[in-house]
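# Remarks on the overall topology
Chain by chain, the residues:
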Amino acid sequence: MARERLRSLVQTLGPDVSLAILVADNATGEVLAHVGSPAYFDERRAGQVDMALALRSPGSTLKPFIYGLGFEDGFIHPETLIDDRPERYGGYAPRNFKLLLRGHCHGAPSACSSR
């Protein structure tokens, strides 16, 4: 299933995309299935990295929920431009902003941008 989905994603997101699948029983938290990479020996996609366990910033994971709340509350709509820039909150500034990943938007993408 992971390899099949990867083939589909490559068509829309490009050749460097990877994925992970984690299936859990919501009631018990038991992990039922875990695929860390669709192609272990694929160096282009860092296939030996278990993407289900790799530490990453949760920011992009939260975007659909944040955008959904913004749509629901009428603060934004699909054509709203959202400036993607470094932020500082008091003395805190996220450290990984300069990590540029292919396919991530920078500048002012719309809330529903596929970039």
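Please refer to the structure placed before this passage.
Overview of the structure. (Residues numbered from 1 in each chain as written. Predicted model: local features only at pLDDT ≥ 70, side-chain atom pairs only at ≥ 80, totals over all residues. Heavy atoms only, no water.)

Let us look at the overall build of the chain. In terms of helices and strands, the chain carries 2 helices and 2 strands. Going from N to C terminus, the chain has its helices and strands arranged as α-β-β-α. Counting across all 115 residues of the chain, residues that qualify as buried make up 16%. The contacts of the chain with a sequence gap of at least 6 include a subset with a gap of at least 24, amounting to 39%. (Helix = DSSP H or I, 4+ residues; strand = E, 2+ residues; numbered from the N terminus. Buried < 20%, exposed > 50% of the residue type's maximum accessible area, 1.4 Å probe, protein only. Contact = heavy atoms within 4.5 Å.)

Once that is clear, we can look at the pairing of strand β2 (residues 31-35). Residues in a regular strand project their side chains so that they alternate between the two faces of the sheet. Taken together, the 4 bridges between strand β1 (residues 21-24) and β2 define a ladder with antiparallel strand orientation. Bridge pairing in β2 places L22 opposite H34. Hairpin geometry of β1 and β2 is characterised by an intervening segment of 6 residues between the two adjacent antiparallel strands and by a positive phi of about 80° at G29. (Pairing = 2+ DSSP bridges.)

Within this structure, the stated rule accounts for 1 aromatic pair. Taking 5.0 Å as the distance between ring centres and 85° as the angle between the ring planes, the aromatic pair formed by Y40 and F41 counts as edge-to-face. Judged by relative accessible area, F41 falls into the exposed class, the value being 72%. (Phe/Tyr/Trp six-rings, centres within 6.5 Å; stacked < 30°, edge-to-face > 60°.)

It is worth spelling out the side chain of S37 at this point. Counting through the fold element by element, S37 comes out in the loop between β2 and α2 (59-73). Here the side chain of S37 touches A39 through a polar contact of 3.3 Å, landing on its backbone nitrogen. There is a polar contact of 3.0 Å between the side chain of S37 and the backbone oxygen of G47. Discounting chain neighbours no more than four positions away, the residues touching S37 are L19, G47 and V49. (Polar contact = N/O pair within 3.5 Å; in protein donor to acceptor, adjacent residues only side chain to side chain.)

Judged by side-chain polarity, L62, F65 and I66 come together as a nonpolar surface patch covering roughly 320 Å² of accessible area. Here I66 lies in helix α2. On the basis of relative accessibility, which here comes to 53%, the residue I66 falls in the exposed class. (Patch = residues over 30% accessible without salt bridge, like charges linked within 9 Å, V, L, I, M, F, W, Y side chains within 5 Å. Areas by Shrake-Rupley, 256 points an atom, 1.4 Å probe, with all protein chains shown as cover. Salt bridge = Lys/Arg side-chain N within 4 Å of Asp/Glu carboxyl O.)

The next subject is the nonpolar core. Counting residues in each nonpolar core, the largest one holds 5 residues, listed as A2, L6, L9, V17 and L19. Setting aside chain neighbours within four positions, we find L19 in contact with A2, R5, L6, L9, G36, S37, P38 and M51. (Core = buried A, V, L, I, M, F, W, Y, C linked by side-chain atoms within 4.5 Å.)

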